[in-house]
Amino acid sequence: MPGPIRGGVVTDLDARGLLCPLPVLRLRRALLAIPEGGIVRLIATDRMAMVDVPHFCGQAGHAMIGMRDLGDGVTEFTVRRGPATGQAADPAPEES
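Residues numbered from 1 in each chain as written. Predicted model: local features only at pLDDT ≥ 70, side-chain atom pairs only at ≥ 80, totals over all residues. Heavy atoms only, no water.

Draft legend 1. Expanded view of the environment of A44. Relative to the helices and strands, A44 resides in strand β3 (residues 39-44). Separated by 32 residues in the primary sequence, A44 and E76 place their C-alpha atoms 6.5 Å from one another. Here A44 is in contact with A15, R16, A49, G73, V74, T75 and F77, once residues within four sequence places are set aside. (Helix = DSSP H or I, 4+ residues; strand = E, 2+ residues; numbered from the N terminus. Contact = heavy atoms within 4.5 Å.)

Draft legend 2. Geometry of the side chain of T78. Looking at the secondary structure, you find T78 in strand β5 (residues 74-80). In contact with T78, other than residues within four places in its own chain, are I39, V40, R41, A63, M64, I65 and G66.

Draft legend 3. Seen up close, helix α1 (residues 22-32). What α1 keeps buried is the set P23, V24, L27, R28, A30 and L31. An end-on view of α1 places all buried positions within 165° of arc, on one side of the element. (Buried < 20%, exposed > 50% of the residue type's maximum accessible area, 1.4 Å probe, protein only. Arc of directions from axis to C-beta.)

Draft legend 4. Just the pairing of strand β4 (residues 63-71), in detail. Bridge count for β4 against β5 is 7 bridges, and the pairing is antiparallel. Note on β5: the bridge partner recorded for R68 is E76. Linking two consecutive strands that pair antiparallel, namely β4 and β5, is a turn of 2 residues; a positive phi of about 55° is found at D72 within it. (Pairing = 2+ DSSP bridges.)

Structural data, given as structure tokens:
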């Protein structure tokens, strides 16, 4: 459910229990569904997300504006959507 953040709206994405590459694929889909500058807050338990999310953001032109350890193996990533260019503009592949 979206929530407020500094005057804007945040889209919350719960990827707990999902393994690589699903958290990043779901993040990508959520980012492409919002306008440039929009925020997605991803909650993940996959340890690889700590590497994958920053890498994805850098490659796709999005800004990772926060990463926070919530305890019990849960990490929160806050990402601002960048401009739709190149790979970032392609539709997300279907997940099984």
